[in-house]
Amino acid sequence: MERNEQGGRHSYVYDMASSGPKSGKKSLNTVTLLFKLPYYTQWGQSLLIAGSEPALGSWNVKQGLSLTPVHQDTELFWCGRVSVAAGFTSEYKYYVVDDNKNVLRFESGEKRKLVLPEGVQDGDVIEIRDWWQDASDALFLRSAFKNVIFNDTEGVKKEVQPVSLNKSLDSEDIVVQFVISCPRLVSGSTVVVTGSNPQLGRWQAQDGLKLSYVGGSMWKANCVLRKSEFPVKYKYCQISQAGNPSLELGPNREVDIDLSSPKQSRYVVLSDGALRDAPWRGAGVAVPVFSIRSDEDLGVGEFLDLKLLVDWAVNSGFHLVQLLPINDTSVHGMWWDSYPYSSLSVFALHPLYLRVQALSDAIPADVKEEIQQAKKHLDKKDVDYEASLSTKMSIARKIFNLEKDKVLNSSSFKQFLSENEEWLKPYAAFCFLRDFFETSDHSQWGRFSEFSKEKLEKLISEGTLHHDVIRFHYYVQYHLYMQLSEAATYARKKKVILKGDLPIGVDRNSVDTWVYPTLFRMNTATGAPPDYFDKNGQNWGFPTYNWEEMSKDNYGWWRARLTQMAKYFTAYRIDHILGFFRIWELPDHAATGLVGKFRPSIPLSQDELLSEGLWDFDRMSRPYIRQEILEEKFGSFWTVVAANFLNEYQKHCYEFKEDCNTEKKIIAKIKTSPEKSLWLEKEDSIRRGLFDLIQNIVLIRDPEDPTKFYPRFNLEDTSSFGDLDEHSKNVLRRLYYDYYFARQENLWRQNALKTLPVLLNSSDMLACGEDLGLIPACVHPVMQELGLIGLRIQRMPSEPNLEFGIPSQYSYMTVCAPSCHDCSTLRAWWEEDEGRRSRFYKTVVGSDEEPPSRCTPEVVHFIVQQHFDAPSMWAIFPLQDLLALKDKYTTRPAPEETINDPTNPKHYWRFRVHVTLESLLDDKDIQATIKDLVTSSGRSFPGKVEGADESGEKLSKVQLNGKA
């Protein structure tokens, strides 16, 4: 098997035991390939093979090799024959298609590659028995595992070994080729096939057929068997460097041949997928970079602090460190920019995380003193975002002025600029224009409001008065790249995965919306409907994506984002993965997230509503405001509200005035109206009341097509709905359920299958999806199909009838956690609600006693252990929850440890851990406590001998000799 590398991906070449020299000349002999794959399909589906050669359609699926279903006992096999020249070679994949050969699904993993030996005889049949490559099977070929956890750089590098067949064949011989993928193989181990016949050792692993390593994770061996020996039962077995065998799990495999066939296969290739190990499980810690505290930082965590965090993670038994987004968010020039999900650039790193001490080896004494004073001044309980950033940039400019020519003329910088100029030059120009015009709103930049490459080249060209400003932004990004790369390399060497975060949106005043305006729908905003986080929904303010435009270059912008992330990370979290199925879209004049619609979605048509007996569309789609509603909402003050904000269009019926008929207009009028003295102390209640009125509708009319409507979220909560007749209520209830829970499913599935595979194939990173909230039925099957790992938070169960999730019942393809950055910490959650605490204690802990009001280390230990013991592939814990295992770290009020309050759109993201990483590294007790939880749960940890069973012991010969 040869290993081909194309575009960062690998494919494997099956060269199936040539019995003669490879001259490079193609034989004119013809052989028959017989493909055979077990796969269950649904009605109307079939399978085909598409590949790189004309015989397999030249990657045109409609011209591919169609397969025929064949029932064999209880299994369904898909088989296909094709005659090819003996020197045939081709890449290929399996596809599930409909009756018109439209692709419904295709297998994951690396492209298969087949090379036939020239020594086969004319007329030979070569049977290729494949297994469908599930996305979950390919996870361990991702860089998180391949390049970090199972990286062999510390051991002896495996050398590719030749596979030959040193035997002449007669008519009773069948050549069986065993091919197995072992991505989790321990360094120094070998692989054998052991089985029921003498050539396979009669179930004695030490006497089994030894496989040769052929590259990547693949092992292979040829075995000549007599026809009379079939069927043959077998299993694969790992043998450690010390000689200890570890047999794969599951039932025996079996290979048989059809002796009744008039033209029997002379070669049988058993492409057996992956060796069946026990499910691998790992653990990790989650903390934003800005929350880290160290002896070296300037008031905020820095990229180089990650090296200390990695050391702490290793000591605590963790294989993973998870971060929040780290891109530049400098849109407003104030603390609002602390929000890490509103990117100024999806490519640039945030200057906040720069370590200025590491910029040069020759920092002048006065600057060193300035740094020392800044450390003291900025060493506060929380992050002072503005002070830390401005201090760092001030110091960085001084060092830049001293060494700019030396650094910017270095070969290292020139390479960085060459590799990143496509995003770096527009970013630097944007930052200059932002500061020059004193706004990031590029619509206010005059002739520069519309981006062009010609204008860009003039802006960044040498000889301009501001050229050093441009070069300073290059300089800062270069050092951020160097510092984060250093931390990432350190983590990989320590076998710790760095997991990044891919935000769902970008700020509407960003480099990306300036450079690529057609990729965004700027007259809309993204958000989320009411869910666990916010009962009124959320309005993030990001423009929605123009997916149709993005598809024209196969989502190049997304592919570039993932490629950039992969320079630092080997895993990532897809923020709000539901946005790739459908996004909650709001008009740009909305201030809240309640009155939106899903894009894409199938609306309710006017004809559909008419056929159901609904005809008064204005009544249902305009704010329903009656005098009795005003009196109930505003009391005696209702007349003042009506006079200033409403018009009475008929007796006791009101509508909003033109200057306040949207949520943003309401906010503006309340603040700026000449009559504002009338409600000075009632602003909040007036605003909430007016919002309730403007949201008091049951249907949302499509602004682009007035004959289409969307049911308002939670429409039954409105008085507009309550005042309808019973027939209209019943129809709307049914249409509401159909819109939100039925009619969109296929559309959303198709949408996700257009976009998500592009993301996943853009890099080798391990992908996890944040799938909390209102989950359509299509989401989890698509995530499973694509090998995406989901998220489970115990207080936010996906099961409708549960108040608390049950970690022991989580599926394997999940990350489990007791809390996350978007909710209160475990300690705060426990202490903030007595009733909920009692219910948890009774239903989860199983005790009728009164629970402790304080979240003691014992309570934390119980909940954390539940998650360590869960079947989930990953258990990842916020650092605050782990520190609560020790009383020493719980002196700070629990609510102060919350990272984000999703109900507050202007939340200040400034939480800092109250102890330094250096002091945490000195605390051996808490590291030992956490590591004991890791090891006792059977999860992997840095330094663990992989391949052991759950008890940590290797399988003995006794276990093997019983045919497993």
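Please read these numbers as outputs of a predicted model, since none were measured by experiment.

The rules behind these values
Residues numbered from 1 in each chain as written. Predicted model: local features only at pLDDT ≥ 70, side-chain atom pairs only at ≥ 80, totals over all residues. Heavy atoms only, no water. Helix = DSSP H or I, 4+ residues; strand = E, 2+ residues; numbered from the N terminus. Buried < 20%, exposed > 50% of the residue type's maximum accessible area, 1.4 Å probe, protein only. Areas by Shrake-Rupley, 256 points an atom, 1.4 Å probe, with all protein chains shown as cover. Lys, Arg positive; Asp, Glu negative; His and termini not counted. Charge placed at Lys NZ, Arg CZ, Asp CG, Glu CD. Polar contact = N/O pair within 3.5 Å; in protein donor to acceptor, adjacent residues only side chain to side chain. UniProt positions renumbered as here; feature names shortened; annotations may be inferred. Disulfide = S-S within 2.5 Å. 1 Å grid on protein atoms, 1.4 Å probe; cavity = no way out; pocket = protein on both sides within 12 Å on 5 of 7 lines; lining within 4 Å. Points joined across faces, edges and corners; volume = space filled by probe spheres on them. Salt bridge = Lys/Arg side-chain N within 4 Å of Asp/Glu carboxyl O. Contact = heavy atoms within 4.5 Å. Pairing = 2+ DSSP bridges. Axes fitted to C-alpha atoms, helices over the stretch in contact; angles between N-to-C directions. Parallel < 35°, antiparallel > 145°, perpendicular 65-115°, else oblique. Left-handed = near helix turned anticlockwise from the far one by under 90°. Nonpolar A, V, L, I, M, F, W, Y, C, P; charged D, E, K, R; others polar. Core = buried A, V, L, I, M, F, W, Y, C linked by side-chain atoms within 4.5 Å. Phe/Tyr/Trp six-rings, centres within 6.5 Å; stacked < 30°, edge-to-face > 60°.

A. Region of the structure containing the overall build of the protein. Across its full length, the protein carries 27 helices and 40 strands. Its C-alpha atoms give the protein principal-axis dimensions of about 100 × 80 × 75 Å. Scored against the burial criterion, the 964 residues of the protein give a buried share of 58%. Carbon and sulfur atoms make up 50% of the accessible area of the protein, which totals about 40600 Å². When the 114 basic and 131 acidic side-chain charges of the protein are each reduced to a single mean position, those positions are 3 Å apart.

B. Structural view of the side chain of Ser937. Note that Ser937 resides in the loop between helix 26 (924-936) and helix 27 (957-961). Within the local environment of Ser937, its side chain forms a polar contact with the backbone oxygen of Val934, the two atoms lying 2.7 Å apart. Here Arg939 takes part through its backbone nitrogen, which lies 3.5 Å from a polar atom of the side chain of Ser937.

C. Molecular detail of the UniProt feature "domain: CBM20" (unreviewed entry) in the protein. When the UniProt feature table is mapped to this numbering, "domain: CBM20" (unreviewed entry) covers residues 25-133 and 168-282. Its end C-alpha atoms 48 Å apart, residues 168-282 is made of 0% helix and 48% strand.

D. Seen up close, the state of the cysteines. Taken as a whole, this structure holds zero disulfides when the rule is applied. Cysteine Cys768 is unpaired, with the sulfur of Cys816 as its nearest cysteine sulfur at 12 Å.

E. Main features of empty space enclosed by the protein. Counted by the stated rule, this structure contains nine cavities of 30 Å³ or more. The volume enclosed by the largest cavity comes to roughly 140 Å³. Together, 14 residues line the largest cavity, and Ile326, Asn327, Val346, Met565 and Phe569 are the ones closest to its centre. Among the secondary structure elements, those contributing two or more residues to the lining of the largest cavity are strand 23 (497-502) and helix 10 (556-565).

F. Local environment of the side chain of Asp881. Mapped onto the elements of the fold, Asp881 is located in helix 24 (residues 879-883). Of the side chains bearing the opposite charge, Arg795 lies closest to the buried Asp881, which forms no salt bridge; the N-O distance is 5.7 Å. Here Asp881 is in contact with Pro818, Ser819, Thr825, Leu826, Arg827 and Val860, once residues within four sequence places are set aside.

G. Quick look at the sheet that holds strand 37 (residues 766-769). Strands sit in the order 37-28-23-22-21-40-39-38 across an open sheet of eight strands; the sheet is parallel. The open sheet has two edge strands, strand 37 and strand 38 (790-793), and neither has a second partner. Between one strand and the next, the sheet's axes are offset by a mean angle of 25°, whatever the strand orientation. Note that strand 22 (residues 320-322) and strand 23 share three bridges and pair parallel. Counterpart to Leu320 in the pairing with strand 23 is Ile497.

H. Highlighting the packing of helix 23 (residues 857-868) against helix 26. Contact pair helix 23 / helix 26: the axes reach a minimum separation of 9 Å and the direction vectors enclose 40°. Relative to helix 26, the element helix 23 lies oblique. Considering only the axes of helix 23 and helix 26, their crossing is right-handed. Of helix 26, the residues touching helix 23 (which contributes His861, Val864, Gln865 and Phe868) are Ile930, Leu933 and Val934. Its residues assigned to classes, the contact of helix 23 with helix 26 comprises five nonpolar, two polar and no charged.

I. Main features of the nonpolar core. Leu306, Trp312, Phe318, Trp557, Trp558 and Tyr572 are the most contacted members of the largest nonpolar core, which has 182 residues in total. In terms of residues, this core owes the most to one element, helix 5 (residues 411-437), which gives 12 residues. Those residues within four positions of Leu306 in sequence are excluded, and the remaining contacts are Val289, Ile292, Leu323, Leu484, Ala487 and Leu498.

J. Just the packing of aromatic side chains, in detail. For the structure shown, the criterion picks out 71 aromatic pairs. Centroid distance Trp557 to Trp558: 5.2 Å. Interplanar angle 80°. Geometry classified as edge-to-face. For Trp557, a relative accessible area of 6% gives the class buried. Here Phe713 and Tyr740 contribute two aromatic rings whose centre-to-centre distance is 5.3 Å and whose plane-to-plane angle is 90°, an arrangement assigned as edge-to-face. In this pair, Phe713 sits in the loop between strand 36 (708-711) and helix 17 (719-722) while Tyr740 sits in helix 18 (residues 726-741), placing the two residues 27 residues apart along the sequence. By relative accessible area, which is 6% here, Phe713 ends up buried.

K. Broad picture of unusual backbone geometry. A cis amide bond links Phe230 with the next residue in sequence, Pro231, at an omega value of 0°. Checked against the element boundaries, Pro231 lands in the loop between strand 16 (218-226) and strand 17 (232-239). Cis geometry is found at the peptide bond from Arg599 to Pro600, where omega equals -5°. Tracing the backbone shows Pro600 in the loop between strand 30 (597-599) and strand 31 (604-605). Positive phi is not limited to glycine here, since Asp73 has a value of about 55°. Note on placement: Asp73 falls in the loop between strand 6 (68-72) and strand 7 (75-85).

L. View of the sheet that holds strand 34 (residues 653-656). Reading across the sheet, the three strands line up as 32-34-33 and stay open at both edges, with antiparallel pairing between neighbours. If you trace the sheet from one side to the other, it starts and ends with strand 32 (625-626) and strand 33 (646-650), each paired once. Taken together, the two bridges between strand 32 and strand 34 define a ladder with antiparallel strand orientation. Within strand 34, the position partnered with Arg626 by the bridge is Cys653.

M. Representation of the packing of helix 4 (residues 385-408) against helix 7 (residues 467-493) within the structure. Running from N to C, helix 4 and helix 7 point in directions that differ by 95°, and their axes come no closer than 10 Å. The orientation of helix 4 with respect to helix 7, classified from their angle, is roughly perpendicular. Across the interface between the two elements, Met393, Ala396, Arg397, Ile399, Phe400, Glu403, Lys404, Asp405, Val407 and Leu408 from helix 4 touch Asp468, Arg471, Phe472, Tyr475, Val476, Tyr478 and His479 from helix 7. Class assignment for the residues of the contact of helix 4 with helix 7 results in 10 nonpolar, one polar and six charged.

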